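Residues per chain are reported as follows:
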Amino acid sequence: MKADAARTLQLLKTARGQIDGVIRMVEDDRYCIDISNQIQAASAILAKVNQEILSAHIHGCVKDAMHGRPEDAEAKIEEVLEILDRCL
């Protein structure tokens, strides 16, 4: 993985903490809007870490593949496009 592993882990652990909090909120029968707000916050963190990982992939793996065989570069580009299709 080309992304900053420490930052990636920090963000993922923060998201995990928020999800654990959401679970407690549901168990405590908290107000729906409060639960939804926390879910959105966790989703935003996951989207951010995903963006950072994809960015590092493009600047690392894809860039490296472009200096190698053309078919390797094409495969890396297709991987990124497939991920983007699922994100949008």
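Just so it is clear, the model here is predicted, and its values are computed rather than measured.

Criteria and cut-off values
Residues numbered from 1 in each chain as written. Predicted model: local features only at pLDDT ≥ 70, side-chain atom pairs only at ≥ 80, totals over all residues. Heavy atoms only, no water. Helix = DSSP H or I, 4+ residues; strand = E, 2+ residues; numbered from the N terminus. Polar contact = N/O pair within 3.5 Å; in protein donor to acceptor, adjacent residues only side chain to side chain. Axes fitted to C-alpha atoms, helices over the stretch in contact; angles between N-to-C directions. Parallel < 35°, antiparallel > 145°, perpendicular 65-115°, else oblique. Left-handed = near helix turned anticlockwise from the far one by under 90°. Contact = heavy atoms within 4.5 Å. Salt bridge = Lys/Arg side-chain N within 4 Å of Asp/Glu carboxyl O. Buried < 20%, exposed > 50% of the residue type's maximum accessible area, 1.4 Å probe, protein only. Patch = residues over 30% accessible without salt bridge, like charges linked within 9 Å, V, L, I, M, F, W, Y side chains within 5 Å. Areas by Shrake-Rupley, 256 points an atom, 1.4 Å probe, with all protein chains shown as cover. Lys, Arg positive; Asp, Glu negative; His and termini not counted. Charge placed at Lys NZ, Arg CZ, Asp CG, Glu CD. Expected span 1.5 Å × (residues − 1). Bend = angle between axes of the 7 residues up to and from the residue.

Trainee: I keep staring at unusual backbone geometry and nothing clicks. Help me out?
Mentor: For D29, which is not a glycine, the phi torsion comes out positive at approximately 55 degrees. With respect to the secondary-structure elements, D29 resides in the loop between α1 (5-27) and α2 (32-66).

Trainee: Where do I start with the environment of Q18 in this structure?
Mentor: Secondary-structure assignment places Q18 in helix α1. Measuring from C-alpha to C-alpha, the distance between Q18 and I39 comes to 7.7 Å, with 21 residues separating the pair along the chain. Looking at Q18, its side chain comes within polar contact range of the main-chain nitrogen of A42, at 3.2 Å.

Trainee: Teacher, can you tell me more about the packing of α2 against helix α3 (residues 70-87) here?
Mentor: Between two packed helices, what matters for the description is the angle formed by their axes and the separation of those axes. The geometry of α2 relative to α3 is characterised by a closest axis approach of 8 Å and an angle of 165 degrees between their N-to-C directions. On the basis of their axis angle, the class for α2 and α3 is roughly antiparallel. Pair α2 / α3 crosses with left-handed handedness. Along its contact with α2, which presents N50, L54, H57, I58, C61, V62, A65 and M66, the element α3 presents D72, A73, K76, I77, E79, V80, I83 and C87.

Trainee: Even after reading the chapter, I still don't get the environment of K76, so can you show me in this structure?
Mentor: By the secondary structure assignment, K76 is in helix α3. Between the C-alpha atom of K76 and that of R24, which follows or precedes it by 52 residues, the distance is 40 Å. Leave out the neighbours within four places in its chain, and K76 touches H57, C61, V62 and A65.

Trainee: Sorry, what's going on with the pattern of salt bridges here?
Mentor: Pairing of side chains with opposite charge becomes possible as their charged atoms draw close. By the definition in use, this model includes 2 salt bridges. Between E52 and R7 there is a salt bridge, with its nearest N and O atoms 3.3 Å apart. Taken as a pair, E52 in helix α2 and R7 in helix α1 lie far apart in primary sequence, 45 residues in all. A residue is classified by how much of its surface remains accessible, and E52, at 22% relative accessible area, is partly exposed.

Trainee: How should I be thinking about a negative patch on the surface in this particular structure?
Mentor: Residues E74, E78, E82 and D85 make up a contiguous surface patch of negative charge. Here E74 shows up in helix α3. Residue class for E74 comes out partly exposed when judged on its relative accessible area of 43%.

Trainee: Where do I start with α2 in this structure?
Mentor: Note that an α-helix has 3.6 residues per turn; residues three or four places apart therefore point the same way. The terminal C-alpha atoms of α2, which comprises 35 residues, lie 48 Å apart, in line with the 51 Å expected from a rise of 1.5 Å per residue. Taken as a whole, α2 carries its principal kink of about 35 degrees at H57. Of all the residues in α2, the buried ones are I35, A42, I45, V49, L54, A56, H57, G60, V62 and A65. Check the buried side of α2 and you find it contacts α1 and α3.

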